Amino acid sequence: MKTVKIGKLTLGNGCPKIAVSLTGKSATELLQQAQAVMNTQPDLIEWRLDYLQDLSNIKQLVGKLRLILKVPLLLTFRTQEEGGVQPLGEKQYFGLLRKIIDQQLADALDIEVARNHQQVETLVQVAHQHKLPVILSYHDFQQTPTTAQILNHLKLMNEMQADLAKIAVMPHTAYDVLELLTATRKAADQLPLPVITMAMGSLGKITRLSGELFGSVLTFGSVGTSSAPGQISVARLRTILAELQLQL
Ligand SMILES: O=C1C[C@@](O)(C(=O)O)C[C@@H](O)[C@@H]1O
């Protein structure tokens, strides 16, 4: 089995691990949310930086968050074109991620792959020099690519030296959900890195629950607010994952 470590957390062994995203717009909101989220005992916290209005004191906020969070921290900035909240120019995006790496603010970094590949690859290399695992991500909020296309995206992430490959798609039919699940199973069988996949929205909820069977190693749950359509509350997620646990 392919496993990857983010801080003390091992991904890829057995049941999918549960991540929750912090989506606070202000420091106060963020820290309150962190407290509430930790009460649900997730395995990983993703801080979605694009929700924060003032990006000038991330370092200080990470310091404060670390006092609350007892689990590893994944940092993500999803720009508006990628389904995130704020626009951010290419130069600023890479500058921000570089700062996160240099100042060692995270336990893992999310980089959206649909950008200048050269720059993404350089950033991955720099992250690895700092021993920081990288999740390369691809989001399609409009539709679901075919199984072959999804697999190609995940393969490319592997070639670009990702530690984990992630794809989120928008299904419009049950067949779209099947494309995503088929691609997930194939990627889990064929690629040397663990994958994280989900179909968003109500139609895709099943993909947030079936990771152990189809091969997705992490699922994003909600605590109050959610960072993408279709996320299920952590409490329910935990119960259903336990019920679906494979007795292999
Ligand atoms: O990439 C992902 C997955 C996600 O889009 C979801 O559908 O749960 C939520 C995002 O916050 C995260 O960065």
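Procedures and definitions
- Residues numbered from 1 in each chain as written.
- Predicted model: local features only at pLDDT ≥ 70, side-chain atom pairs only at ≥ 80, totals over all residues.
- Buried ≥ 20, exposed ≤ 12 C-beta atoms within 10 Å, placed from the backbone.
- Helix = DSSP H or I, 4+ residues; strand = E, 2+ residues; numbered from the N terminus.
- Pairing = 2+ DSSP bridges.
- Right-handed = clockwise from strand over helix to strand, strands pointing away.
- UniProt positions renumbered as here; feature names shortened; annotations may be inferred.
- Contact = placed C-beta atoms within 7 Å.
- Near = placed C-beta within 6 Å.
- Axes fitted to C-alpha atoms, helices over the stretch in contact; angles between N-to-C directions.
- Parallel < 35°, antiparallel > 145°, perpendicular 65-115°, else oblique.
- Nonpolar A, V, L, I, M, F, W, Y, C, P; charged D, E, K, R; others polar.

J.: Got a sec to walk through the pairing of strand β6 (residues 108–112)? Specific residues and values, please.
T.: For β6, the tally of buried residues reaches five of five residues, placing the bulk of the element in the interior. Where burial is concerned, the two faces of β6 agree: the one with A108, D110 and E112 and the one with L109 and I111 are both buried. Relative to β6, strand β5 (residues 73–76) is paired through two bridges, and the arrangement is parallel. Bridge assignment links L75 to a residue of β6, and that residue is L109. For the crossover from β5 across helix α3 (residues 90–102) to β6, the handedness is right-handed.

J.: Which residues make up the UniProt feature "active site" (unreviewed entry) in the protein, and what values go with them?
T.: The positions that UniProt labels "active site" (unreviewed entry) are, in the present scheme, H139 and K166. Spatial clustering of the annotated residues is evident: they stretch over 28 residues in sequence, but the largest pairwise C-alpha distance comes to 8.5 Å. Within the element layout of this structure, H139 appears in strand β7 (residues 134–140). The buried category is assigned to H139, around which 21 C-beta atoms lie within 10 Å. What H139 contacts, discounting residues up to four positions off in sequence, is E82, G83 and A168. With respect to the helices and strands, K166 occurs in strand β8 (residues 164–169).

J.: Before we move on, could you go through the sheet that holds β5 and cite the residues and values that matter?
T.: The strand order across the open sheet formed by nine strands is β9-β8-β7-β6-β5-β4-β3-β10-β11, and the pairing between neighbours is parallel. Of all strands in the sheet, those bounded by a partner on one side alone are β9 (195–199) and β11 (232–233). As judged from the five bridges shared by β8 and β9, these two strands associate in the parallel manner. Considered in β9, the bridge of I167 is made with T197.

J.: So, the UniProt feature "binding site: 3-dehydroquinate" (unreviewed entry) in the protein: which residues are in play, and what are the values?
T.: Taking the UniProt record as the reference, the feature "binding site: 3-dehydroquinate" (unreviewed entry) is found at S21, E46, W47, R48, R78, R208, S227 and Q231. As for its position among the elements, W47 is in strand β4 (residues 44–48). Taking the number of C-beta atoms within 10 Å as the measure of exposure, W47 has 27 and is therefore buried. If near-sequence neighbours (up to four positions away) are discounted, W47 is found in contact with L22, L65, L73 and L75. Among the secondary structure elements, S227 is positioned in the loop between β10 (218–222) and β11. Overall, the presence of 21 C-beta atoms within 10 Å leaves S227 in the buried class. If we skip the residues at most four places from it in the chain, S227 touches S21, T23, R48 and F220.

J.: Just give me the short version of the site of the ligand, but keep the residues and values in it.
T.: Taken together, 14 residues form the shell around the ligand, and within it S21, A168, F220, S227 and A228 come nearest. Contributing elements (two or more residues each) for the shell around the ligand: β4 and β8.

J.: Break down the packing of α3 against helix α4 (residues 117–129) for me, citing the residues and quoting the values.
T.: Axis separation between α3 and α4 bottoms out at 10 Å; the angle between their running directions is 10 degrees. As judged from the angle between their axes, α3 and α4 are roughly parallel. The segment α3 lies against α4, with F94, L97, R98 and I101 engaging Q119, L123, V126 and A127. Counted by class, the contact of α3 with α4 contains six nonpolar, one polar and one charged residues.

J.: Kindly report on unusual backbone geometry, identifying the contributing residues and their values.
T.: Note: most peptide bonds trans; most residues except glycine with negative phi. The phi dihedral of Q41 falls on the positive side, at around 55 degrees, and the residue is not glycine. Position of Q41 among the secondary structure elements: in the loop between α1 (27–38) and β4. Classification of Q41 by C-beta neighbours within 10 Å gives exposed; the count is 12. Despite not being glycine, Q104 shows a phi value in the positive range, around 50 degrees. Counting through the fold element by element, Q104 comes out in the loop between α3 and β6. Judged by C-beta crowding, with 12 C-beta atoms within 10 Å, Q104 ranks as exposed.

J.: Lay out the environment of T182 with the relevant residues and their values.
T.: Structurally, the position occupied by T182 is in helix α6 (residues 174–190). Among the residues examined, T182 registers 16 C-beta atoms within 10 Å and is labelled partly exposed. Put simply, T182 and G221 are 39 residues apart on the chain and 22 Å apart in space, counted from C-alpha to C-alpha.

J.: Which residues make up the environment of A242, and what are the values?
T.: As for its position among the elements, A242 is in helix α8 (residues 234–244). Under the C-beta neighbour-count criterion, A242 is labelled exposed, with 9 such atoms within 10 Å. For A242 and C15, which are 227 residues apart along the polypeptide, the C-alpha to C-alpha distance reads 8.1 Å.

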